[in-house]
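What follows is the residue order along each chain.
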Amino acid sequence: MGTITFLLVLSFLVFFHELGHFVAARYFGVKVEVFSIGFGKQLYAKEWRGTRWQFALIPLGGYVKMKGQDDTKPGLVEAGNDSYNNKTPWQRIVILFAGPFANFLLAAILYFVIALAGANSLSPTVGKIQENSPAMRAGIKEGDVIIRINNTEIKTWEQIGKTIVNTNGALSFLIKRDGKLLPKTIQPHVSDAKNIFRENIRKRMIGISPAPKLVTIYHDPASAIGYAWDKTIESSKMIFQGVQKLIQGIIPSSDIGGVISIGKVISDASESSIIALFAITALISVNLGVLNLLPIPALDGGHIMFNLYEIITRRKPSERVFIYLTVAGWIILASLMLLGIYNDINRLFG
């Protein structure tokens, strides 16, 4: 069942990505010859409105084939206003960007649905308290529920950390203990900590950790839009930073996961709840959007760079350079995929 869920989720994400390219291409009058979910041997196909819609044997991706577009033949010229290569560079950039944009849009839609259905977060309930910490000196106890910090209403544990980090000086806490509301004044101290990338940082802290309790936050449609926007931007930044840290060597290459890891995460989420499945699908969708915008020649981001080059220099890159860079891009992508699979196997049997 987990494998079926993984393939369905992946196919859905690929469909949405390619649908972005398709819609933009058709908007500019470009003929889309093939819309494929999967690669390799065709399993099923249907002609509709001039496009062959198909499922292929290897369901780990997909593509749209537009008239006048062939990575192996960058100099290809096909006559007609419905040809991709006859569109202006800006129009081609919009077509290329539409795929990743569709992934961001899908993530936002999923986060919006999650917000309406009830988003689970850690409760603002205090668990462990560090010895001699500001919280202990202020009299905070295990089980206290933090209701407000200064003028900020607290509903989730995440809000506590953000509020402490983004303020200065002493903080006025309102806590709930045994049904009573108690005011507390706490002066955070700057301590050593680690961020999500395991880098050593220093930040304002009060020395508390959360209790293992969840709270479900329900949003009205207006606040759900804000929640969806914030989560999509936050996820995008996290993945962009993750790629940057990987290139810098801060994140070890052994942390790269492949299709096995993705499949396991999706399978685990599907067994937990539909909301958990939506959340992980949204995150993977953002991941696909970000990774496809990287300036690697075989990806959308690489093709966008070629078109920006044409806009700046008023000429296309040479066919030889285009082919060499595209082949190099495919080698990079294949290497990363193999590394991910190798790491997955090591985690399973190591």
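Attention here is on the structure that accompanies the text. (Residues numbered from 1 in each chain as written. Predicted model: local features only at pLDDT ≥ 70, side-chain atom pairs only at ≥ 80, totals over all residues. Heavy atoms only, no water.)

**Thoughts on unusual backbone geometry**
Right, on to step 1. Positive phi values are uncommon outside glycine, yet Asn132 reaches one of about 60°.
Right, on to step 2. Classification of Asn132 as exposed rests on a relative accessible area of 59%.
Right, on to step 3. The phi torsion at Asp178 lies on the positive side, around 55°, for a residue other than glycine.
Right, on to step 4. When you line up the elements, Asp178 lands in the loop between strand E7 (171-177) and strand E8 (180-186). (Buried < 20%, exposed > 50% of the residue type's maximum accessible area, 1.4 Å probe, protein only. Helix = DSSP H or I, 4+ residues; strand = E, 2+ residues; numbered from the N terminus.)

**What about the sheet that holds strand E5 (residues 145-149)?**
Right, on to step 1. Read from one edge of the open sheet, 4 strands run E6-E5-E7-E8, paired in antiparallel fashion. Either end of the sheet is taken by a strand with one partner, and the two such strands are strand E6 (152-153) and E8.
Right, on to step 2. Strand direction decides the pairing type here: E7 and E8, joined by 7 bridges, are antiparallel. Considered in E8, the bridge of Arg177 is made with Lys180.
Right, on to step 3. Relative to E5, helix H4 (residues 157-165) is tilted by about 40°, and along the sheet it contacts E5, E6 and E7. (Pairing = 2+ DSSP bridges. Contact = heavy atoms within 4.5 Å. Axes fitted to C-alpha atoms, helices over the stretch in contact; angles between N-to-C directions.)

**Description of the packing of helix H1 (residues 2-27) against helix H2 (residues 89-117)**
Right, on to step 1. Two elements in contact, H1 and H2, have axes whose closest approach is 7 Å; the angle formed by their N-to-C orientations is 140°. Of the possible angle classes, the one that applies to H1 and H2 is oblique. Note on packing geometry: the crossing formed by H1 with H2 is right-handed. Mapping the contact onto sequence places Phe12, Leu13, Phe16, His17, Gly20, His21, Ala24 and Ala25 in H1 and Val94, Ile95, Leu96, Ala98, Gly99, Pro100, Ala102, Asn103 and Leu106 in H2.
Right, on to step 2. Across the contact of H1 with H2, the residue classes break down as 12 nonpolar, 5 polar and no charged. (Parallel < 35°, antiparallel > 145°, perpendicular 65-115°, else oblique. Left-handed = near helix turned anticlockwise from the far one by under 90°. Nonpolar A, V, L, I, M, F, W, Y, C, P; charged D, E, K, R; others polar.)

**A closer look at the packing of H1 against helix H6 (residues 259-272)**
Right, on to step 1. Where H1 contacts H6, the two axes come as close as 8 Å, and the packing angle between them is 105°. With respect to each other, H1 and H6 are oriented roughly perpendicular. Where H1 approaches H6, its residues Gly2, Thr5, Phe6 and Val9 are matched on the opposing element by Val259, Ile262, Gly263, Ile266, Ser267 and Ser270.
Right, on to step 2. Considered class by class, the residues forming the contact of H1 with H6 number 5 nonpolar, 5 polar and no charged.

**So, the pattern of salt bridges**
Right, on to step 1. Taken as a whole and judged by the stated rule, the model has 11 salt bridges.
Right, on to step 2. For Lys245, the salt bridge goes to Glu199, with nearest N and O atoms at 3.2 Å. One end of the pair, Lys245, is in helix H5 (residues 221-248); the other, Glu199, is in the loop between strand E9 (189-194) and strand E10 (200-205), with 46 residues separating them in the sequence.
Right, on to step 3. The class of Lys245 is buried, set by a relative accessible area of 15%.
Right, on to step 4. A relative accessible area of 18% places Glu199 in the buried class.
Right, on to step 5. Residue Asp268 is joined to Lys264 by a salt bridge in which the shortest nitrogen-to-oxygen separation is 2.8 Å. (Salt bridge = Lys/Arg side-chain N within 4 Å of Asp/Glu carboxyl O.)

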